[in-house]
Structures are given as structure tokens and as C-alpha cells.
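Summary of structural features
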Amino acid sequence: MTFDDRPPAAIRLQQARENAGFSTAKAAAERHGWSKHSYHQHENGLRGIGRAAANYAKAFKVSEAWLLTGEGAGPGRRPSIDQQLSQLRLERPDIADLVADQVQKLIDTTIDHPAGESPRKKQ
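Reference entry: report on the structure contained in this document. Note that this is a predicted model, so its numbers are computed, not measured.

**Concerning the environment of Tyr56**
With respect to the secondary-structure elements, Tyr56 resides in helix H4 (residues 53–60). Relative accessible area serves as the criterion here: at 3%, Tyr56 is assigned to the buried category. The spacing of Tyr56 and Trp34 is 22 residues in sequence and 9.6 Å in space, taken between C-alpha atoms. With near-sequence residues (within four places) excluded, Tyr56 lies in contact with Leu13, Trp34, Tyr39, His42, Ile49 and Leu67.

**Brief notes about the side chain of Arg6**
In this structure, Arg6 sits in the segment before helix H1 (8–19). Residue Arg6 is classed as buried on the basis of its relative accessible area, which comes to 17%. Here the side chain of Arg6 touches Glu43 through a polar contact of 2.8 Å, landing on its backbone oxygen. Those residues within four positions of Arg6 in sequence are excluded, and the remaining contacts are Ile11, Gln14, Glu43 and Asn44.

**Observations regarding the packing of aromatic side chains**
One pass over the full model with this rule turns up six aromatic pairs. With 5.5 Å between their ring centres and 15° between their planes, Trp34 and Tyr39 make a pair best called stacked. For Tyr39, a relative accessible area of 0% gives the class buried. Note on Tyr39 and Phe60: the rings are 6.4 Å apart at their centroids and 75° apart in plane angle, and the pair reads as edge-to-face. A residue pair is termed long-range when its members are at least 10 positions apart, and Tyr39 in helix H3 (residues 36–43) and Phe60 in helix H4 qualify at 21 residues. Owing to a relative accessible area of 4%, Phe60 belongs among the buried residues under this scheme.

Quick notes on the rules
- Each chain carries its own residue numbering, running from 1 in the direction its sequence is written.
- This being a predicted model, a pLDDT of at least 70 is required before a residue's local features are given, and a value of 80 or more before pairs of side-chain atoms are given or counted; all residues contribute to the totals for chains, interfaces and linings.
- Side-chain numbers come from the whole structure's heavy atoms, not from hydrogens or water.
- Under the scheme used here, helices are H or I runs from DSSP no shorter than 4 residues and strands are E runs no shorter than 2 residues, and both carry numbers assigned from the N terminus.
- Under the scheme applied here, a residue whose accessible area is under 20% of the maximum for its type counts as buried, over 50% as exposed, and between as partly exposed, the area being computed with a 1.4 Å probe on protein chains only.
- Contacts were defined at the residue level, with two residues in contact if any of their heavy atoms lie within 4.5 Å.
- Any N or O atom pair separated by 3.5 Å or less is treated as a polar contact, with the protein-specific requirement of one donor-capable and one acceptor-capable atom, and with residues adjacent in sequence counted only for side-chain atom pairs.
- Ring pairs shown here join Phe, Tyr and Trp side chains whose ring centres sit within 6.5 Å, with only the six-membered ring taken for Trp; geometry is labelled stacked below 30 degrees between planes, edge-to-face above 60, and tilted in between.

Structural data, given as C-alpha cells:
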């Protein structure tokens, strides 16, 4: 095992990139239109990722909190329904309530009709 003395946020940034399917930092930067030089510095720990963290998190489908602190949804971990709905309210307030209502209906139906039981239509 090799010693990695980069800041934890830089290590998490690399993990997020690799989990998103980019084998190199250059490939990720080119795909997302980021400065290759700046992205390399962020991933190598030469510069902090604070101001760019939101862009990286969105591109790599992790939470900004996870990139910065290790808390929250990292690679392969889905954010909770509440976290996803909060994000949807920020990004798409026009449809957030409709989606929340549909999710609630699915949850209610599942609770009312456990696995193996099929809901019966009222006649």
C-alpha cells in the first residue's frame, strides 16, 4: 500500500471521478469543460476545491458535503429521498411538489400492500 499525502478532499475527488467512469483527470476535465490545469491541481491537492466543489459534485453525482468533508452521499451511495427532494426543489421548483406527491403515493401504496400482496381496485 502506498502513502497518499494529498488532502482528503483531493482523494475523494479522484474517487468520485473514477467512480463516474473517467480513467484520467484530463478526460473528466475535457468532458465537463473545466480547465485541465485547475482540475489537476484540485485532484493533486495543490489547491483547495471549495469554490469548484458544487460543480464537481453535480458532475460526478456525489454530494458536495461528501467531497468537502466525507459526510453525505459519496460514490455508489444514493442520497436519501429527502435530500433528493430538497435538491429537486432547488433545481426544478416547478415540478418538485408533483414529484413529492407521487413519491408519497408510492410509499403509501407499499405500506398498505406489503410484498406479495397486490392492491385491489375498488369497483
